Amino acid sequence: MGNSYAGQLKTTRFEEVLHNSIEASLRSNNLVPRPIFSQLYLEAEQQLSSLEGSRADNEEEEEEEEEEEGSESSSPPVSYQVKPPPEGCCTTDGFCQAGKDLRLVSISNEHIEVPSGFLLVGAKSPNLPDHLLVCAVDKRFLPDDNGRNALLGFSGNCVGCGKKGFCYFTEFSNHINLKLTTQPKKQKHLKYYLVRNAQGALTKGSVICWKGAEFRGRQSSTSTCSSTLFQFPESSGLSGSTSSEPLPPANPSAPAGTQQTAAAVDHTPSTAAFSSAVYNGKESPKQQLMKNNLSALTRPSVLGTLTNSGPPKKRHKGWSPESPSSTETWNLQLNPQASNRIKNDGGSLSSLPHSALVGPASSPMVGSGEPVSVPDNLLKICKAKPVIFKGHGNFPYLCGNINDVIVSPLLYTCYRNSQSLSRAYEQYGASTIQPISEEMQLLLTVYYLVQLAADQVPLIEDLEQIFMRSWRESHLCEIRQYQQAVPQPFPQLPSPITPVTSAQLPWLAGLAASSCNDSVHIIECSYSLAEGLSEMFKLLMEGKLTKTNYVVIICASRNRAIDSCIVITGKYQARVLSESMLSPSDYQKEVNYQLVTGKVEALGSFFSTLCPEGDIDLLLEKFYQENQGHISSSLSASVNKPTAVNGAGTAVCTSYEIERHEIRPFQLAVAQKLLSHICSIADSSTQNLDLGSFEKIDFLICVPPSEVTYQQTLFHLWHSGILLELGLEKEHLTKQRVEQYVMKLDAEAQIKFKIFLQNSMQNPHTLFVLIHDHAHWDLMSAMHSLYPQTELSTGLVDRLLNCREVKEAPNIVTLHVTSFPYALQTQHTHISPYNEIHWPSSYSNGVDLYHENKKYFGLSEFIESTLSGHSIPLLRYDSSFEAMVMALGKRFPRLHSAVIRTFVLIQHYSAAMMAVCGLSQMKNYTSVETLEITQNLINSSRQCPSGHGLMVVLRIPCIPLAAVAYERLYNVRERLALEDNFEIILGNPNSGITIGKHFVEQLKIWQKIEDVDWRPQTYLELEGLPCILIFSGMDPQGESLPRSLRYCDLRLINSSSLVRTSLEQELGLAAYFVSSEIHTEKPVVNDVLESDPEKLSSTDNEDEEIATEGSTSEKRSPMKRERSRSHDSASSSLSSKASTFCTESSPPQALSNSTEETTNNYERQKQKVDKGAQTTISKHLPPVTEQLDMKQNIKSTQVSTTSSSSPPFSSSSSSSAPTHNSFILQTSQCSMTKASKQPPIVFLPKLVYDIITSTDSSGLPKSSSLLPYHSVMWASSFRPLMSKMMTCTEQSLYYRQWTVPKPIHMDYNNRNEGRMDTFHPRRLLLSGPPQIGKTGAYLQFLSILSRMLIRLTEVDVYDEEEININIKEESDQYYHQPGDVWPDLETFKKMPFDYTIHDPKYEDASLICSKLQTIDSEDRSMSRRQEDMYTCRQTTRMRLSKYAAYNTYHHCEQCHQYMGFNPRYQIYESTLHAFAFSYSMLGEEIQLHFIIPKSKEHHFVFSQPGRQLESMRLPLVTDKSEDYIKSPTFTPTTGRHEHGLFNLYHAMDGASHLHVLVVKEYEMAIYKKYWPNHIMLVLPSIFNSAGVGAAHFLIKELSYHNLELERNRQEELGIKPQDIWPFIVISDDSCVMWNAVEVDCSGDRKSDYTWTERNVSLKQILQHIEATPNVTHYALIGMRKWSSKTNSAEIKEPFSCCHVHDFIMLNVDLTQNVQYNQNRFTCDDVDFNLRVHSAGLLICRFNHFSVMKKQIAVGGQRSFHIKSKVSDNPVSISPAQYICAPDSKHTFLAAPAQLLLEKYLQYHSHRFFPLSLKNYSHPVLSVDCYLNLGPQIAVCYVSSRPHSLNISSSGLTFSGLLLYLCDSFVVASFLKKFHFLKGATLCVICQDRNSLRQTVVRLELEDEWQFRLRDEFQTANAKEDRPLFFLTGRHI
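Cut-offs and rules
- Residues numbered from 1 in each chain as written.
- Predicted model: local features only at pLDDT ≥ 70, side-chain atom pairs only at ≥ 80, totals over all residues.
- Heavy atoms only, no water.
- Helix = DSSP H or I, 4+ residues; strand = E, 2+ residues; numbered from the N terminus.
- Buried < 20%, exposed > 50% of the residue type's maximum accessible area, 1.4 Å probe, protein only.
- Contact = heavy atoms within 4.5 Å.
- Areas by Shrake-Rupley, 256 points an atom, 1.4 Å probe, with all protein chains shown as cover.
- Phe/Tyr/Trp six-rings, centres within 6.5 Å; stacked < 30°, edge-to-face > 60°.
- Salt bridge = Lys/Arg side-chain N within 4 Å of Asp/Glu carboxyl O.
- Core = buried A, V, L, I, M, F, W, Y, C linked by side-chain atoms within 4.5 Å.
- Axes fitted to C-alpha atoms, helices over the stretch in contact; angles between N-to-C directions.
- Parallel < 35°, antiparallel > 145°, perpendicular 65-115°, else oblique.
- Left-handed = near helix turned anticlockwise from the far one by under 90°.
- Nonpolar A, V, L, I, M, F, W, Y, C, P; charged D, E, K, R; others polar.
- Pairing = 2+ DSSP bridges.
- Patch = residues over 30% accessible without salt bridge, like charges linked within 9 Å, V, L, I, M, F, W, Y side chains within 5 Å.
- Lys, Arg positive; Asp, Glu negative; His and termini not counted.
- Charge placed at Lys NZ, Arg CZ, Asp CG, Glu CD.
- Expected span 1.5 Å × (residues − 1).
- pLDDT = per-residue confidence, 0-100.

**What to know about the overall build of the protein chain**
Now for step 1: The secondary structure content of the protein chain amounts to 58 helices and 57 strands.
Now for step 2: Here the protein chain, with 1932 residues, has 61% of them falling under the buried criterion.
Now for step 3: Of the contacts formed within the protein chain by residues at least 6 apart in sequence, a portion of 77% connects residues at least 24 apart.
Now for step 4: In the form shown here, the protein chain has an accessible surface area of approximately 74400 Å², with 53% of it arising from carbon and sulfur atoms.

Below is the structure:
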């Protein structure tokens, strides 16, 4: 319970124990409470034993575990029973029994009456771990600051309902619904004082220091230093938050306690996590502040649910704290880079001392042993605050001047992590592998520190990897066994390395440190760490550790474990580490505080003492006075003259190209990848995205709250034309309209987002794409931004993009776009790894995948440039700047290094400007690098006739410092009269760009802008403007920089915040596109500068370096540099003499004028986005490039001319003519263009430079292995290193496995015990390097997605004119009126049959002749060309109507049930039924199978007892129903399970109908899977290789058999057989829509009519046809094939007697004796039509109805591939090889004989019928069948059946005779009726050679035909495949 004072009985302690004992006994029902004295003395004994050297069990228990009565022993706890609450009262957690809210979050802003003498405190409810309940308690019953003097008992009031006078805490806890399972105790549940912050809101304050509750079991001597505890002033306005746990001590032997500790530390934001120091065990204000959001995870009970092992909920005696627990692995991670960008800090911290900001330590830093006094004046003497990293064991208390030290738990946590076994081995039961020992850890740490250089800072990642490698090496054999073995326990294996003992440790550590020149100092102490720390402080004060960077203190003795800590005493290291412990917001506040309080003035006065001539400001003033008139005029002349007089003859620089918005191959590839991912989501069976239901696209782009990024996105959107393309906006687009589609994530975002959500709900048929650009920005959990003190924008992404509406909306797809996706790739991510799209690499195995004229320069290229062999490193650091910063850091230890660095850099820039302007003495006060930047900046605009110059980006993250820098540089520029030479721009993320009027005018001239009010709004529009852009804001927010960027000065970035995302995003500012066009001109060394005696510095001259580089790299990769999404170049320019101001010579006038004109035209066109403008652009672009090339040639040839015509130098010193000429040659290009051969140069802090350029063991840059993001943490320190060979996908999987989000991360709560459903199905992540063109890619994606959606609602339908129209009988006789809706039976019988095929799909089929056509058939032969048959069939794209048939990809709400996706119709709920009938022609019984879903059984009749299928129900002819289609529809199909149009729900307009799919046996399963609710008719297996004829044959035969069965069944019910409906529909699987022609005959004359065609439902058509009068007299009814070219003549006669195809109604009763040929593959419908007609039956085509057929590229006839049976080689076989001589050794083909025959005759029938070729007046006589002999041969069909209708053949002479499988009806006398030409040929086809001979004999063919032995052939089949045989002969 408290400090035990080593057995002395103190009064207050006794009273408290007595009180508790009495209270417990009163409450207890059955257990006898422990005696009072044993409670007091047992604790004392334990303390005494701890003093004797054994480790004290000074663990503080968890709240859940604190059930004992203050004792540490294992006696049984007192049970506690909760009194039932009164009837009808409120029992909700967080509310009192009167129903009033008590949660701090809810009532923090309410006024609460607090009686005098009472304080507001926060009570903790076990059921609401994230909340504090507000209570008013009499302060007499609360402890003082030392944890004493609290009266026993309780007195409190309820602040909710106002009830007063609670005298027992038990009663009070019941009233506020704490619902405790343990005994209510105020010490346990009253946790925090509550204070008002600066805004008046109630927030969590300091912890209530209950005696002993914080640190149980301490030594009595600690009381001496308790008064020095750092107390947090209530008035400071630091706001706390809702809840936290008490801080347990860090004794590693305490299992549960340390677990909680780890969790607590780990999940607090970084200040605490990385660095919190402990001031005598009290939580620092910072720690209290940051710990606010410890979620339920910090409680062991919750931890226990994550894994199976781990400590039990209560502490049991039997549980060993050493037993490896996966919970430790999970939750003990800490990282030095954990610089959390948490924004929920309190009000102003600037009034606090530095130590308060850094934050005293978190939980593990619990002190024990003697206190150690921190000496006064430590900071003053040491010039740095030592950082103490607690290591192993107990850590002593610190008292005294504790503000001058910082204590961190980081190393302690790292040690704990590396002692917990990796989860990778847990699954093998790897408990036998011992963790690395404490001694070994410490020794390895010493080794690591020894090898660090003086300017290096220790990184915890390095240490973790060292431990990992050491552990792996020492246990390699066990690990290998586990990796190969079955999961079984292994015996303990001896460790191959002899363990280090605690006695050897100090000696070995000393030995290791002896070689490092005292940079690591070892202090060994025998009793406790306290003496070592005291000695260390003493050495520091005596100045004996000046060379020492690290002090390692070891306390090791034989009989107990080691204690250790490491003190960072190196000034540089201590500063970096202490500053890295500040969160970004604290860092800003600290800097602001130092600026506001004037602490930086000391720096200024120090700088002024450096300058020998006195203060810089005085020098500037003096310079200004002396040169006021002279300089300004010369400068303005040099800058302004060219631009002013360019119309009057002076040349204008032509290198200013206007950016063209074109899509690069890469962007298109990425857009297509995005589209394919969207399609795969739609195609998956999860039904998460129904693309078929969307008609259009809408979108919203979310960008960070940076005004420049916002404007830049608007700019891209405007110029992409996407809004017009998607049809979202009309032609005249205004900026206000474009702004609707881009949302800044700021305070006003919610309004715009609400509109977006409303739109998505109101437009369910619009697909909304929510694009989250720069998606790694602000991933704060919305839970963490609910507290009053946080900024409103924090957590906005979570609040908006993760809201329920977005997650559940089926029409919103979220696309996250970022260059740094790591934070979205954790174990809890919402994004499936399958939904990640990574920017493709440009090369694969050395092959250029996408041909681009640009090369991207990103991080890897920048790093590569630093390797040896590259003459110009693009990454650099400034050693003299770093040295000065380090020196000043020692001189001003209290100033933040960001302040020092900024002031030094401003000083350097100021001095450099002065030096360039002639104050050469200032060269000594700047660095070479800064001088180079300044020279090139100032001179750049002077070397271009138009004044184009370079941009220098000066990155200053801290906004107050940026403002200071801007002000200072602005003043220096004014004093030096450079205000017209270059601009200084302060880039603040929250505001737009402000530049001077003079520069705005220049930009308007360059960009040819006439708008008076125009101002640049993006950095891209500053192209060519000479300027210093001071880029502020903690993080870049996606701003792009122009092509004229030359230097990227990142020397001031926060190098202590080492997180991969932060570093890469800073370097991303410099990412560049370099265009790979070869330049003929080589750079020339600048002679003027070489010969100039007053040259500033030989190493300053950037151009020299460029020139030397030209020789090597120019050959290697001659490049013109370009920025992403833009063209043209930027340049560093010549270093020139400080006092020389020069203008450049002009190119020839004609050139510049024409180029300017071109660009002008282009710019004018650019303003328009219509198509007309596009063509003009393409016309005008070529000249620009041509002229640039010409210009270069002219430059080289016309040097002298140019020089003579150039204006004279305005220079203070003249130079000789030759030098003058060479200078002109050198600078005849504008400097912006000239320096365009490489990306910008980047200056980095040394620390960052070292990290970026050094590689780890796998060859990756060290930055890659840093923590990826500040709000995630490593899941385990036992993780493999990333590999250099990893692809982006592999990196993603690595982070998904090894990182977890912290509680402040928005994905923290997205976990579902490892199940896959944590991924959101409609979320995608696009990642690609910075500035590579992701915006263009996703805008292009929207474009092609929109096109695809339109495409999805459209189909390609065949659109062909009817063929052979001219052969039709042209007669004036019309049998029906145009407006007739049904045919008249008697009239129809008079109509002649049109034998000619008009269906365009039979364009390559043989013409069928009748006597009518013999007259003009000669003409036809000329009109048909051979190649016509090979041309592609014509299609047109049609929008699907609401009556279309659909394939399996269509899902909509209405047809879910129809498709069987309704839960009531499970997929497996269908039954298989056999159905057999005999058929004489096949000579055997046919057995078919029906698959009938449960939902369709009502269409069938089953026998009652056995449920045998008996028949399919048929309606009556007389039935009439609006909602019923009488005819069953059969659709034969093969190979089209996905693409066949079987969904007739919409086509039938919801009407009830019977639809049967006719499938082959081997395809049954796949069709059943895709169409679970459709009836299937499965053909027998013998038909697996058959054609469509077999399906038609079986459909017809089955239907007739069923008609007979139904007649018999219904006859019993008294229905006449002829009343049963005899029709079936046979439909192709590609019929998509149906049209009807409406004829208006209201004209004056009878023959006048008008017609319109519209889309109608199939239901309407079928019901119309079914209602035809005398319908049962028609054998076949069909309709036209739709064509857009249909003319009036074709529909004037509404009914035709002709061939019908594709969609027919068949009367199975009338056609009983006419069969389909089951062997046929092609033309079987033509064959059947001819047979039906010859049988005297009526075929009617309704010309007012038409069917549209969709072009389907798969399945159908295409599924038959003819290939060799012998070899698997897919060699194409020509149709000529389909037949061969019998018994030949011809290659046999694996194809049905009938197919080979039909294909052969189609292409090579002229070999059999040579006389028939193009001889249309003498056709081939085909008996009883129609076979396609190819388009150049005509056939005449005759039937041998008696009484059949045939054409009159008298007068017709035939050129051939075809007898195909002729039956007994064909007799010799029948054939003798026909006449043949002499030499006509005969072809007889039979099943075998025997029947061939019999046929020849039976038909007496040898009488008239001559046969030869060699004229016998067979199809190229093997014998087992039953080939067909044919015999040819000649007519005698």
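Moving on from the model shown.
**A word on the packing of aromatic side chains**
Now for step 1: For the coordinates displayed, the defined rule picks out 41 aromatic pairs.
Now for step 2: Ring centres of Phe1542 and Trp1571 lie 5.3 Å apart, and the angle between their planes is 80 degrees; this geometry places the pair in the edge-to-face category. Of the two residues, Phe1542 is situated in the loop between β39 (1529–1532) and β40 (1555–1559) and Trp1571 in the loop between α51 (1564–1570) and β41 (1575–1578); the sequence distance between them amounts to 29 residues.
Now for step 3: With a relative accessible area of 0%, Phe1542 lands in the buried category.
Now for step 4: Within the aromatic cluster, the residues linked to one another by ring pairs are Phe1854, Phe1870, Phe1874, Phe1876 and Trp1905.

**Focus: the pattern of salt bridges**
Now for step 1: Enumeration according to the criterion identifies 58 salt bridges in this entry.
Now for step 2: A salt bridge links Arg1060 to Glu1064, with the nearest nitrogen and oxygen atoms 2.7 Å apart. Here Arg1060 and its partner Glu1064 are both found in helix α37 (residues 1060–1067), four residues apart, which amounts to about one turn of the helix. Side by side, Arg1060 and Glu1064 carry an identical accessibility label, which is buried.
Now for step 3: The salt bridge involving Lys1681 is made with Asp1399; its shortest N-O contact spans 3.1 Å. Pair noted here: Lys1681 is in strand β45 (residues 1674–1681) and Asp1399 is in the loop between α48 (1385–1390) and β33 (1407–1408), with a separation of 282 residues, a long-range link.

**Some words on the nonpolar core**
Now for step 1: Membership of the largest hydrophobic core comes to 167 residues, with the highest contact counts inside it found for Phe1490, Trp1634 and Leu1859.
Now for step 2: Residues in contact with Phe1490, not counting those within four places in the same chain, are Thr1471, Leu1472, His1473, Phe1475, Phe1500, Leu1509, Val1556, Ile1575, Met1576, Leu1577 and Leu1598.
Now for step 3: One finds Leu411, Leu919, Trp1014 and Tyr1072 within the second-largest nonpolar core, a separate group that totals 151 residues.

**Thoughts on the packing of helix α32 (residues 879–891) against helix α33 (residues 897–916)**
Each packed pair of helices is defined by two parameters, the angle between the axes and the distance between the axes.
Now for step 1: Where α32 contacts α33, the axes come no closer than 10 Å and their chain directions differ by 130 degrees. When the interaxial angle is binned, α32 and α33 end up oblique. Between α32 and α33 lies a crossing whose hand is right-handed. Together, Phe881, Glu882, Met884, Val885, Leu888 and Gly889 of α32 and Ile900, Arg901, Val904, Leu905 and His908 of α33 make up the contact between the two elements.
Now for step 2: In terms of residue class, the contact of α32 with α33 is made up of seven nonpolar, two polar and two charged.

**Topic: the sheet that holds strand β15 (residues 766–773)**
Now for step 1: With parallel pairing, the six strands of this open sheet are ordered in space as β14-β13-β15-β16-β31-β17. Pairing within the sheet leaves two strands with one partner each, and these edge strands are β14 (742–744) and β17 (836–838). Adjacent strand axes in the sheet meet at a mean angle of 20 degrees when their direction is disregarded.
Now for step 2: Sheet analysis places strand β13 (residues 696–703) next to β14, joined by three bridges and oriented parallel. Across the sheet, residue Ile701 finds its bridge partner in β14, namely Val742.
Now for step 3: Sheet strands in contact with helix α25 (residues 707–720) are β13 and β14, and its direction is about 180 degrees off that of β14.

**Points about the sheet that holds strand β5 (residues 202–207)**
Now for step 1: Spatially, five strands are ordered β3-β2-β1-β4-β5 in an open sheet, and the strand pairing comes out antiparallel. At either margin of the open sheet sits one strand with a lone partner, and together these are β3 (156–158) and β5. Across this sheet, the average inter-strand angle for adjacent strands is 45 degrees, counted without regard to direction.
Now for step 2: The pairing of strand β1 (residues 118–124) with strand β2 (residues 132–138) spans seven bridges and is antiparallel. Note that in β2 the partner of Val121 across the bridge is Cys135.

**Some details on the pairing of strand β52 (residues 1820–1823)**
Now for step 1: Of the two faces of β52, the one holding Val1820 and Ser1822 and the one holding Leu1821 and Val1823 are both buried throughout.
Now for step 2: The sheet contact formed by β52 and strand β54 (residues 1853–1860) spans four bridges and is parallel. Note on β54: the bridge partner recorded for Leu1821 is Leu1857.

**Re the packing of helix α13 (residues 410–419) against helix α16 (residues 460–474)**
Now for step 1: Taken N-terminus to C-terminus, the directions of α13 and α16 make an angle of 25 degrees; their axes are 10 Å apart at the nearest point. When the axis of α13 is compared with that of α16, the two are roughly parallel. For α13 against α16, the interelement crossing comes out right-handed. Between α13 and α16, the residues in contact are Leu410, Leu411, Cys414, Tyr415, Asn417 and Ser418 and Ile460, Leu463, Glu464 and Phe467, respectively.

**A few points about the environment of Leu1829**
Now for step 1: Relative to the helices and strands, Leu1829 resides in the loop between β52 and β53 (1834–1838).
Now for step 2: Accessibility expressed as a relative area gives 2% for Leu1829, which makes it buried.
Now for step 3: As for Leu1829 and Phe1809, which are separated by 20 residues in sequence, their C-alpha atoms are 9.2 Å apart.
Now for step 4: Residues within four places of Leu1829 in sequence aside, it is in contact with Ser1406, Leu1801, Gln1802, Ser1805, Phe1809, Val1820, Val1835 and Leu1858.

**What about a positive patch on the surface?**
Now for step 1: Taken together, the side chains of Lys380, Lys383, Lys599, Arg891 and Arg894 define a basic patch exposed on the protein surface.
Now for step 2: Within the fold, Lys599 resides in the loop between α21 (584–596) and α22 (601–610).
Now for step 3: Overall, Lys599 belongs to the partly exposed group, its relative accessible area being 38%.

**Comments concerning helix α24 (residues 665–683)**
Now for step 1: Taking 1.5 Å of rise per residue, the 19 residues of α24 would be expected to cover 27 Å, and the 26 Å separating its terminal C-alpha atoms lies within 8% of that figure.
Now for step 2: Turning to α24, its buried residues are Phe666, Gln667, Ala669, Val670, Ala671, Leu674, Leu675, His677, Ile678, Cys679, Ile681 and Ala682.
Now for step 3: Contacts from the buried residues of α24 go to β16 (812–818), β17, β31 (1323–1327) and α47 (1334–1352).

**Overview of the environment of Leu950**
Now for step 1: For Leu950, the location among the structural elements is in the loop between α34 (928–940) and β22 (951–956).
Now for step 2: Separated by 13 residues in sequence, Leu950 and Leu937 have C-alpha atoms that sit 5.8 Å apart.

**Thoughts on the confidence of the model for the protein chain**
Now for step 1: Averaged over every residue, the pLDDT of the protein chain is 77; residues scoring 70 or more account for 72%.
Now for step 2: Across residues 30–79 the pLDDT falls below 50, and counting only partners more than four positions away or on other chains, this stretch makes 129 contacts in the model.

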